[in-house]
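Working through the structure, step by step
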Amino acid sequence: QVQLVESGGGLVQAGGSLRLSCVASGRTFNAMGWFRQALGNEREFVATIRWRGDFTYYADSVKGRFTISRDNAKNTVYLQMNSLKPEDTAVYYCAAGLAPYSSPAKYDDWGQGTQVTVSS
């Protein structure tokens, strides 16, 4: 099992930026993903990164605004979120898995989530 702890959420005005962090510990993994879930909605894919190598993949809704990155030495994955919109408001979760998939069903371990609220 992988233990994941997210941080960095908060309240920001539209157009602003936030950086989320997720620290991992426990067994090894090959990919990390960020997902989000707005109130009343299903959990949706945001971005994923392979733990070794340069592969990243983004949802169309965040492409060009969000950047996923990692620090292998710190076992940490980041989500830099720029040009935030009210529709980005959600609880954001990081997850660990075997490969950089976009489906949440492909990830075995999840963090507790961090709230991001974007005001208009």
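Here, every reference points to the structure presented above.
About the thresholds
Residues numbered from 1 in each chain as written. Predicted model: local features only at pLDDT ≥ 70, side-chain atom pairs only at ≥ 80, totals over all residues. Heavy atoms only, no water. Pairing = 2+ DSSP bridges. Helix = DSSP H or I, 4+ residues; strand = E, 2+ residues; numbered from the N terminus. Core = buried A, V, L, I, M, F, W, Y, C linked by side-chain atoms within 4.5 Å. Buried < 20%, exposed > 50% of the residue type's maximum accessible area, 1.4 Å probe, protein only. Contact = heavy atoms within 4.5 Å. Salt bridge = Lys/Arg side-chain N within 4 Å of Asp/Glu carboxyl O. Polar contact = N/O pair within 3.5 Å; in protein donor to acceptor, adjacent residues only side chain to side chain. Axes fitted to C-alpha atoms, helices over the stretch in contact; angles between N-to-C directions.

Let's shift gears to the pairing of strand 7 (residues 66-71). Inspection of the sheet shows strand 7 paired to strand 8 (residues 76-81) by six bridges, in the antiparallel sense. Pairing of Asp71 across the sheet is with Thr76, part of strand 8. Hairpin remark: strand 7 followed by strand 8, antiparallel, with four residues in the connecting loop; positive phi at Asn75, about 50°.

Counting 33 residues, the largest nonpolar core has Met32, Trp34, Leu79, Met81 and Tyr92 as the members making the most contacts within it. Those elements that place two or more of their residues in this core are strand 1 (2-7), strand 3 (18-26), strand 4 (31-37), strand 5 (44-50), strand 7, strand 8, strand 9 (90-97) and strand 11 (114-119). Of the residues forming this core, the biggest block, five residues, is contributed by strand 9. Non-local contacts of Met32, meaning those with residues more than four positions away in its chain, are made with Leu4, Cys22, Ala24, Ala47, Thr48, Ile49, Trp51, Ile68, Val77, Ala95, Ala96 and Tyr107.

What follows concerns the environment of Phe29. Mapped onto the elements of the fold, Phe29 is located in the loop between strand 3 and strand 4. The class of Phe29 is buried, set by a relative accessible area of 8%. Spatially, the C-alpha atom of Phe29 lies 29 Å from that of Leu39, the residues being 10 residues apart in sequence. What Phe29 contacts, discounting residues up to four positions off in sequence, is Val2, Ala24, Trp51, Ala96 and Gly97.

Moving on, we come to the pattern of salt bridges. Between side chains of opposite charge, pairing is possible as soon as their charged atoms come close. Counted under the stated rule, the structure contains six salt bridges. Residue Asp60 is joined to Lys63 by a salt bridge in which the shortest nitrogen-to-oxygen separation is 3.1 Å. With relative accessibility at 49%, the residue Lys63 sits in the partly exposed group. In this structure, Arg65 and Asp88 form a salt bridge, with 2.8 Å as the shortest nitrogen-oxygen distance. You can see Arg65 sitting in the loop between strand 6 (56-58) and strand 7 and its partner Asp88 sitting in the loop between strand 8 and strand 9, a full 23 residues away along the chain. With relative accessibility at 11%, the residue Arg65 sits in the buried group. When its relative accessible area of 1% is taken as the criterion, Asp88 is described as buried.

Moving on to the side chain of Thr114. With respect to the helices, strands and loops of the structure, Thr114 is situated in strand 11. In terms of polar contacts, Thr114 uses its side chain to reach the backbone amide nitrogen of Gly9, at 3.2 Å.

For the rest of this paragraph, the subject is the sheet that holds strand 7. In any sheet, the strands associate via hydrogen bonds between backbone groups, in a parallel or an antiparallel arrangement. Across the sheet, four strands lie side by side as 1-3-8-7; this open sheet has antiparallel pairing. With one partner strand each, in any of the chains shown, strand 1 and strand 7 form the two edges of the open sheet. Adjacent strand axes in the sheet meet at a mean angle of 20°, parallel and antiparallel pairs treated alike.

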